[in-house]
Amino acid sequence: MDNIVALAKRRGFIFQSSEIYGGFNGFFDYGPLGSELKKNIRDCWWNDMVRRRDDVVGLETSIIMHPKVWEASGHVAGFTDPLVDCKVSKQRYRADQLFFSAVVVEGQTVGYVSVLESERTAEELQEKAESFKRKKAVQGKLAPVIAKDMTEAQPDEIEKIPSPATGEPGSLTPPRAFNMMFETNVGAMRDASSVAYLRPETAQGMFVDFKNVVDTGRVKLPFGIAQIGKSFRNEITPRNFIFRSREFEQMEMEYFIAEDADWSKCHQDWIAWCKDWLLSIGLPESHLSLYAHPKEKLAFYSKGTVDIMFKYPFGVQELWGIAARGNYDLTQHATASGKPMEYFDEASKKKFVPHVIEPAVGVDRILLAVLCAGYAEEDVTDEKGNVEKRTVLRLSPRIAPVKVAVLPLLKNKELLVARARELHTKLKRKYAVFYDDGGAIGRRYRRQDEIGTPWCVTIDFDTIEKDGTFTLRERDSMQQKRITEAELFALLDEQVY
Ligand code: GAP
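Residues numbered from 1 in each chain as written. Predicted model: local features only at pLDDT ≥ 70, side-chain atom pairs only at ≥ 80, totals over all residues. Heavy atoms only, no water.

Asks: Help me understand the sheet that holds strand 16 (residues 315–326), please; the structure alone is not making it clear to me.
Replies: Strands in a sheet are paired, the pairing made by backbone hydrogen bonds, and the direction either parallel or antiparallel. With mixed pairing, the seven strands of this open sheet are ordered in space as 3-12-13-19-16-15-14. Of all the strands in the sheet, the pair left with one neighbour each is strand 3 (56–58) and strand 14 (288–292). For this sheet, the mean inter-axis angle between neighbouring strands, taken without regard to orientation, is 25°. Across six bridges, the pairing between strand 16 and strand 19 (residues 355–362) is antiparallel. Each residue of the ladder has a partner; that of A324, found in strand 19, is I357. (Pairing = 2+ DSSP bridges. Helix = DSSP H or I, 4+ residues; strand = E, 2+ residues; numbered from the N terminus. Axes fitted to C-alpha atoms, helices over the stretch in contact; angles between N-to-C directions.)

Asks: Explanation requested: the pattern of salt bridges in the structure shown.
Replies: Side chains that differ in charge, positive against negative, can pair when their charged atoms come close. Scanning the entire structure with this criterion turns up 39 salt bridges. We note a salt bridge from K39 to D43, for which the minimum N-O separation is 2.6 Å. A residue pair is termed a helical-turn pair when its members lie 3 or 4 positions apart in one helix, as K39 and D43 do in helix 2 (residues 32–51) at four residues. Overall, the relative accessible area of 40% leaves K39 in the partly exposed class. The partly exposed category is assigned to D43, whose relative accessible area is 31%. A salt bridge links E117 to R239; the nearest nitrogen and oxygen atoms lie 3.1 Å apart. In this pair, E117 is assigned in the loop between strand 7 (108–116) and helix 5 (121–135) and R239 in the loop between strand 12 (223–232) and strand 13 (247–257), connecting sequence segments 122 residues apart. (Salt bridge = Lys/Arg side-chain N within 4 Å of Asp/Glu carboxyl O. Buried < 20%, exposed > 50% of the residue type's maximum accessible area, 1.4 Å probe, protein only.)

Asks: I tried to follow the pairing of strand 26 (residues 480–483) on my own but got confused; where do I start?
Replies: Successive side chains on a regular strand alternate, one facing one side of the sheet and the next facing the other. As paired elements, strand 25 (residues 470–474) and strand 26 share four bridges and run antiparallel to each other. Its bridge partner lying in strand 26, L472 is registered against K481. Between strand 25 and the antiparallel strand that follows it, strand 26, lie five residues; M478 among them carries a positive phi value of about 60°.

Asks: I'm lost on the site of the ligand in this one. Help?
Replies: As a matter of local geometry, the ligand sits amid 18 residues, with E201, R233, E252, E318 and L319 nearest to it. Taking L319, its main chain carries an N or O atom lying 2.8 Å from an oxygen atom of the ligand. Sorting the residues of the shell around the ligand by element identifies strand 13, strand 16 and strand 19 as the ones contributing at least two each. Top element by residues in the shell around the ligand is strand 19. It accounts for four residues. (Near = heavy atom within 4 Å. Polar contact = N/O pair within 3.5 Å; in protein donor to acceptor, adjacent residues only side chain to side chain.)

Asks: Mind showing me how you'd approach the sheet that holds strand 22 (residues 404–408) here?
Replies: Taken in spatial order, the five strands make up an open sheet running 23-22-24-25-26, and their pairing is mixed. Taken across any chain shown, the strands that pair with only one partner, and hence form the sheet edges, are strand 23 (433–435) and strand 26. The sheet shows a mean angle of 25° between the axes of neighbouring strands, direction not considered.

Asks: Can you help me understand the side chain of Q97 in this one?
Replies: Position of Q97 among the secondary structure elements: in the loop between strand 5 (92–94) and strand 6 (98–105). Judged by relative accessible area, Q97 falls into the buried class, the value being 5%. In this structure the side chain of Q97 is engaged in a polar contact, spanning 2.7 Å, whose partner is the side chain of T237. Every residue in contact with Q97, bar those within four places of it in the chain, is listed here: V115, L116, E117, T237, R239 and R244. (Contact = heavy atoms within 4.5 Å.)

Asks: Would you mind showing me how to read the packing of aromatic side chains here?
Replies: Both the distance between ring centres and the angle between the ring planes are used here to describe each pair of aromatic rings. One pass over the structure, following the stated rule, counts 18 aromatic pairs. Each ring, one from F28 and one from F241, has its centre 5.5 Å from the other, and the planes form 85°; the classification is edge-to-face. Residue F28 is found in strand 2 (residues 28–30), and its partner F241 is found in the loop between strand 12 and strand 13; the two are separated by 213 residues along the sequence. Judged by centre distance (5.0 Å) and plane angle (10°), the ring pair of Y312 and F314 falls under stacked. Pair check on accessibility: Y312 and F314 agree, each one buried. An aromatic cluster of at least three residues, connected via ring pairs, comprises F207, F210, F223 and F256. (Phe/Tyr/Trp six-rings, centres within 6.5 Å; stacked < 30°, edge-to-face > 60°.)

Asks: When you look at helix 15 (residues 485–495) in this model, what are you seeing that I'm missing?
Replies: Because each turn of an α-helix spans 3.6 residues, side chains separated by three or four positions end up pointing in the same direction. Along helix 15, the residues that are buried comprise E485, L488 and L492. Seen end-on, helix 15 carries its buried residues on one side only, within an arc spanning 60°. Structural note: helix 15 exposes A486 and E494 on the side pointing more than 90 degrees away from its buried face. Packed against the buried residues of helix 15 are strand 22, helix 12 (414–428), strand 24 (455–459), strand 25 and strand 26. (Arc of directions from axis to C-beta.)

Asks: What is the right way to look at the side chain of E249 in this model?
Replies: Counting through the fold element by element, E249 comes out in strand 13. For E249, a relative accessible area of 7% puts it in the buried group. A polar side-chain atom of E249 sits 2.9 Å from a polar atom in the side chain of K38. Residues in contact with E249, not counting those within four places in the same chain, are K38, R42, I228, G229, K230, V361, G362, V363 and D364.

Printed below as a string of structure tokens:
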């Protein structure tokens, strides 16, 4: 992970927000290559989800909506995470990420240990328990730790659990609900009546505008409304680079179906669609898995939620949630606004509030996944037999920030440069391309490998003096072959879509 973060910074994918002021926790900036990569992910999703389907339309709603939207949706009352404070260090923790265990020796609890959630939560607790026993010089057999998170702590345990910040007990508070919505004030008055929220999800825009789309969009059930946009959550512990941040981008789609439709089949179809889409942008199947939320943990209105999980270097984590939400949201807005949200079905002559299947994913999480899956360091042997390290980002041509690098073999040969410039200009009309004439050709290939450019073309003397072909060098295999300009455009047309 450290190497990926370093590469992201070094090559201008991702910077800390406000870095010159020491950064701002939970906020990030996308540099020249990162913004291209992000745009490509967004564009692929939009093209596949909206333009290439006949049953999904697009929408772009405002980030700040009427505060009543968030009352009706349940976010004002319930969009919370459990928070634990350390009164001494002033650190704050998400209770479900702070784990503890009793230290039990010969059946007696002799103290408590705590750690923050990680891939090694149980092992770390065990190590801490052993070290605790040694320090306190307690004799006897230590029982294996039982990891619990702070939401499971009994009232009498809380004051005995050490704070991860100080290592001492007595300073942690009991968990309390912390609302994650960012508040702001709209208008010149700053009082309770002017409070509004930055949206914590884009989804509510689709519900609130449902009637507008039905009345104007020539849509018939089943159909979807899709939106891409920024969402904001005051996460207690933003972490793992851009995985959990306070400002992020979502790509959400609400797929409305009849009340008596086979929601389970529709849910399964969307899970399959989302997984296929992730494969189409180059994520390896081996890193993807499905997690079905247990029935007892679902919200009362939810019929089922399945997450597509991704194997990040810091663990298997949620990438894409696909939820069957019944007709809860539309019903809530109908009740709160007094405006009906029913759909009239011409075929059955029935009026009903449609149900919805919601695939919701974060652009930043996909971007992190493609960086993690694509990053490799490998030993390669050059033509002189020297072994050297190369860092390569295996990004799909669909999303790679630069599709082709155009390299004149020598920068001081006018004819080579002129032909390279000409090709570069032609390619630029359709694709993100890069012109590089600095340094040895091998070094130029390496620079492109590191940013995920799938192909390099080199203009050499044969290009000028013989048949006009140039060398195409492929990033992953490092194979080279001669290719004509028409073949290059055909290759790009097929692979970049
Ligand atoms: N409308 C449903 C909804 O927003 P969610 O599971 O809270 O559901 C959907 O969010 C997706 O948004 C997640 O699967 C994840 O990809 C992304 N996401 C959520 N919180 C995020 C955060 N703090 N930072 C980055 N991405 C986040």
